[in-house]
Amino acid sequence: MRRTLAVAAIVALGLAASPAAATATPVRSWPSYVLGPHADQVTPKRAEARGTVSHAGSLVHPHGRPTTLTTIAGRTPASVVLDFGQDIAGTPYLDISQVSGTATLNLVTGEAREFLRRPAATTLAAPAATGAQQVTVASATGLEVGNTITLGAQTRTIVGFDAATRIVDLDRPLEQDVAAATAVTTAPGAPASDESRGLAGVGGPDNLQVTAPGRVAAGFHGGFRFILLTLTTPGTVQVSGLGVDFQAYRATARDYRGWFLSSDEQLNRMWYAGAYTLQLNMKPAGLNGLPDARIYDGAKRDRSIWTGDLLVQGPTIINTLGDVGADYLRSSLDALFATQRADGALPGSPDFAKRTSPAGSPLFYSNNYSGYGARAAIDYFRYTGDREYILGLLPNLRRELAYNATFLTADNLVASNDRDYWQATQTGAVTKYSIDYYILLREMAWLERTVGSATDAAGYDATADAIKTAVNAKLWNPTLGAYGQSTDHPDVLVEDANALALQYGFVPAGRRAGVLRALKTLWTPYGAILGPGLQDPTGHTIEPFGNGMETAGRFAVDDVDGALALMRRTWGPMVDPGNPLYTGGLWEFKNSSGGVNRPTASLAHGWAASPTVQLTQQILGVQPVGAGYTTWTIQPRPGRVAWAQGVVPTRHGDISARWTSGNHRFNLHVSTPGNTSGTVAVPAGKRSTVLVDGRPVRPRITDGYAQLSLRGGRHTITVQR
């Protein structure tokens, strides 16, 4: 896959946009969608001051006058909010030109501006009488001089406080008594970090002691759009410059080995947001004392390898970055399999808690996540064709499969009291866990037939067939018109199990429309919920991970309109630069109102990147069949998209595709490596005229697609409908 990809501008196709497209036809080339900084040193786009600050804009557009922060005791501390416009990662630095005495600058970072400050939310520890100008609160967390403080119905300004005694000085006396235990709130609050140092091992507030002019560096911060810089001690500091040494994977358009472009602006934004999310998740070798490269789940949190995330991250990182992405995935798999237990179990994360070591420690989270790790390794082989590596892992994969087999009941269903990505135990024989094990068996059967034992492959397929029969016989609920959650909860409709059932062919053709309708009852304006009454205890109401399963399931049964409609609800707000939570990345989860519930919510999270993979594989249409794309399938599913084009990197060379759809005509141009072969499927009816390279053919028509077997090379397929 180590090929140079030209980044020439794409010539406009001159096609009208689909009337159902959500946004106008783009007129720009694909490199213009690439996110990320243009240099290793990143500077802010905007600055906003609070307190006594002069020339805050100099930190954005230097013009010879330094930014001056002055904090006076008893008054609002001087602070500046710096906005970088999108998520970045790295080490912030300040260039100090002048300082009076010894000053302390507090620096916190945040993905969302709303979480840069944490308002106090406490109570009165003792009653306060009319006329009092001091009150004692139960907690001093979130207090800052200059904030308003509300005690019951009375609002004052904080002019001082003692964090040890929790005594707060007010700007004027109280006008009436306030009882003990009365609620106390403040606005806007004190500087606060949205990071989790215990999990990530990095981040948190930096208190920088400044004694002389020169450069001062903060610590590493994994993912942030904003910096809040506050002079917390009385005095004056002049800052002539502020920036960040970028320390994730910085990819320019020249580094992309695959790309995507379509007539739909919003879909284009999603594709490149997913690609950038993965770049923010990439930990370069040597960073934070770890010699290897790793793909973390989130830029900010947990900053750990997670197997469930790798299922989305692996294809995304290889489709976008080629060999560089493959190297990161292989290195992450090395860390994962190094921690495999003797019974075959893989940890959900091999490097979870980092309180004592940047390498972290393994968390054996669930049998489902153990199976995800095996599937991520098989994906690596499917996309790269790295036979030597997968042969080395084959004994480990067989042991993992044997571990998962211990949860199969006599009824050929999986019962494990597992937590999975909901982080809530599900009891009984669970539909999703049974389908997940079925998927693992099919993947292992493919792998064994390719590099291992055909006998083992046949055995895995037989077990998978038995699971499929059992799921349809025991977990289908005709009242729901869908599969129930489990044998313990047969009447609970869930998104993920039904989505996977569609994607992996569990649902008979006559039932598919009903399952699609049932799933749509879970939709909200912001995406699909997990299911009635089901909510992760940490606030995951709308899961992009689960919504990605549903879009994949809808694509699999050719419900392209439904898949894209759900994409727009779930990911559309994430790629809107006007959204207050915009980071350029894709978010870990949403709450029921489309936002997030807590400051530590990850807003650049790998498991949310499924649009990037699906737009390449379903809209552009390119997927691997044989390992390393030795064989492939190219099946565009245009829906109401007017045109799409792009490139997929492979070890044999690039696969490129370009299609247009409209006016009862479909045109597809493909270029595939000469030593490969595959199937091209294009939308067609039984009365369509199909031409291959200008010559009429009579292809097999299956489910609305003309099926064509082609050798590698350049081909043009035209369908007149």
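Please read these numbers as outputs of a predicted model, since none were measured by experiment.

Caption draft 1: Summary view of the overall build of the protein chain. Scanning the protein chain from N- to C-terminus turns up 13 helices and 34 strands. Overall size of the protein chain, expressed as C-alpha extent along the three principal axes, is 90 × 60 × 50 Å. With 721 residues in all, the protein chain has 60% of them scored as buried. In the protein chain, once contacts between residues fewer than 6 apart in sequence are set aside, the share between residues at least 24 apart is 70%. In the form shown here, the protein chain has an accessible surface area of approximately 26,000 Å², with 50% of it arising from carbon and sulfur atoms. Of the charged side chains in the protein chain, 63 are positive and 57 negative; the average position of the first set lies 7 Å away from that of the second.

Caption draft 2: Seen up close, the packing of helix 3 (residues 307–321) against helix 4 (residues 323–337). Closest axis-to-axis distance for the helix 3/helix 4 pair is 7 Å, and the angle between their directions is 155 degrees. By the angle between their axes, helix 3 is roughly antiparallel relative to helix 4. Judged by residue contacts, Thr307, Leu310, Gly314, Ile317, Ile318 and Leu321 of helix 3 engage Asp323, Val324, Gly325, Ala326, Tyr328, Leu329, Leu333 and Leu336 from helix 4. Looking at side-chain class alone, the contact of helix 3 with helix 4 contains 10 nonpolar, three polar and one charged residues.

Caption draft 3: Just the nonpolar core, in detail. Of all hydrophobic cores here, the largest spans 191 residues; its most connected members are Leu333, Leu397, Leu447, Leu668 and Ile717. Broken down by element, the residue count for this core peaks at 12 residues, all from helix 7 (residues 431–451). Ala132, Leu170, Val178 and Val184 belong to the second-largest nonpolar core, a separate cluster that totals 16 residues.

Caption draft 4: Expanded view of unusual backbone geometry. Omega for the peptide link from Ala187 to Pro188 comes to 0 degrees, which places this bond in the cis form. Its location among the elements puts Pro188 in the loop between strand 13 (183–187) and strand 14 (190–191). Here the residue pair Arg301 and Asp302 is connected by a cis peptide bond, since its omega of 10 degrees sits within 30 degrees of zero. You can see Asp302 is positioned in the loop between strand 21 (294–295) and helix 3. A positive phi angle is found at Asn412, which is not glycine, with a value near 65 degrees. Tracing the backbone shows Asn412 in the loop between helix 6 (387–405) and helix 7. A residue is classified by how much of its surface remains accessible, and Asn412, at 27% relative accessible area, is partly exposed.

Caption draft 5: How the structure looks around the environment of Leu502. Structurally, Leu502 can be placed in helix 9 (residues 495–503). Judged by relative accessible area, which is 4%, Leu502 ranks as buried. Distance in space between the C-alpha atoms of Leu502 and Glu550 is 8.4 Å, their sequence separation being 48 residues.

Caption draft 6: Summary view of the confidence of the model for the protein chain. Averaged over every residue, the pLDDT of the protein chain is 95; residues scoring 70 or more account for 96%. In this model residues 2–24 is a low-confidence stretch, pLDDT under 50, and it forms 47 contacts with partners more than four residues away in sequence or in other chains.

Caption draft 7: Geometry of the sheet that holds strand 13. Spatial ordering of the open sheet is given by 8-13-10-11-12-9, a layout of six strands whose pairing is antiparallel. Both outer strands of the open sheet, strand 8 (121–123) and strand 9 (134–136), are each paired with one neighbouring strand and no more. Taken pair by pair, the neighbouring strands of this sheet meet at an average axis angle of 40 degrees, ignoring direction. Relative to strand 11 (residues 154–162), strand 10 (residues 148–151) is paired through four bridges, and the arrangement is antiparallel. Residue pairing for strand 11: Thr150 is matched across the bridge by Thr155.

Caption draft 8: View of helix 3. The terminal C-alpha atoms of helix 3, which comprises 15 residues, lie 20 Å apart, in line with the 21 Å expected from a rise of 1.5 Å per residue. At Gln313, helix 3 is bent by approximately 35 degrees, the largest bend along its length, and proline Pro315 sits one to four residues beyond. Where burial is concerned, most of helix 3 is hidden: 15 out of the 15 residues are buried. One or two positions beyond helix 3, positive phi appears at Gly322, with a value near 60 degrees.

Caption draft 9: Here's a closer look at helix 12 (residues 560–571). Here helix 12 contains 12 residues, and its C-alpha end-to-end distance of 16 Å stays within 8% of the 16 Å for a straight helix at 1.5 Å per residue. Every buried residue of helix 12 is listed here: Val560, Gly562, Ala563, Leu564, Leu566, Met567, Thr570 and Trp571. On the buried face of helix 12, the contacting elements are helix 2 (265–281), helix 9, strand 24 (523–524), strand 25 (527–528), helix 11 (544–556) and helix 13 (610–620).

Caption draft 10: Structural detail: the packing of helix 7 against helix 9. At their nearest, the axes of helix 7 and helix 9 sit 8 Å apart, and the two run at 35 degrees to each other. In the crossing of helix 7 with helix 9, the sense of the turn from one axis to the other is left-handed. Within the contact between the two elements, helix 7 uses Thr431, Lys432, Ile435, Asp436 and Ile439 and helix 9 uses Asp496, Ala497, Leu500 and Ala501. Looking at side-chain class alone, the contact of helix 7 with helix 9 contains five nonpolar, one polar and three charged residues.

Caption draft 11: Representation of the pattern of salt bridges within the structure. What the rule picks out here adds up to 32 salt bridges. As a salt-bridge pair, Arg46 and Asp83 come within 3.0 Å of each other at their nearest N and O atoms. Taken together, the positions of Arg46 in strand 2 (residues 46–50) and Asp83 in strand 5 (residues 79–99) put the pair 37 residues apart, joining distant regions of the chain. Overall, Arg46 belongs to the partly exposed group, its relative accessible area being 45%. Close ionic contact of Asp559 with Arg554 constitutes a salt bridge, the shortest N to O distance being 2.5 Å. In the salt-bridge network here, residues are joined through shared partners; they are Arg375, Asp420, Lys432 and Asp436.

Criteria and thresholds
Residues numbered from 1 in each chain as written. Predicted model: local features only at pLDDT ≥ 70, side-chain atom pairs only at ≥ 80, totals over all residues. Heavy atoms only, no water. Helix = DSSP H or I, 4+ residues; strand = E, 2+ residues; numbered from the N terminus. Buried < 20%, exposed > 50% of the residue type's maximum accessible area, 1.4 Å probe, protein only. Contact = heavy atoms within 4.5 Å. Areas by Shrake-Rupley, 256 points an atom, 1.4 Å probe, with all protein chains shown as cover. Lys, Arg positive; Asp, Glu negative; His and termini not counted. Charge placed at Lys NZ, Arg CZ, Asp CG, Glu CD. Axes fitted to C-alpha atoms, helices over the stretch in contact; angles between N-to-C directions. Parallel < 35°, antiparallel > 145°, perpendicular 65-115°, else oblique. Nonpolar A, V, L, I, M, F, W, Y, C, P; charged D, E, K, R; others polar. Core = buried A, V, L, I, M, F, W, Y, C linked by side-chain atoms within 4.5 Å. pLDDT = per-residue confidence, 0-100. Pairing = 2+ DSSP bridges. Expected span 1.5 Å × (residues − 1). Bend = angle between axes of the 7 residues up to and from the residue. Left-handed = near helix turned anticlockwise from the far one by under 90°. Salt bridge = Lys/Arg side-chain N within 4 Å of Asp/Glu carboxyl O.

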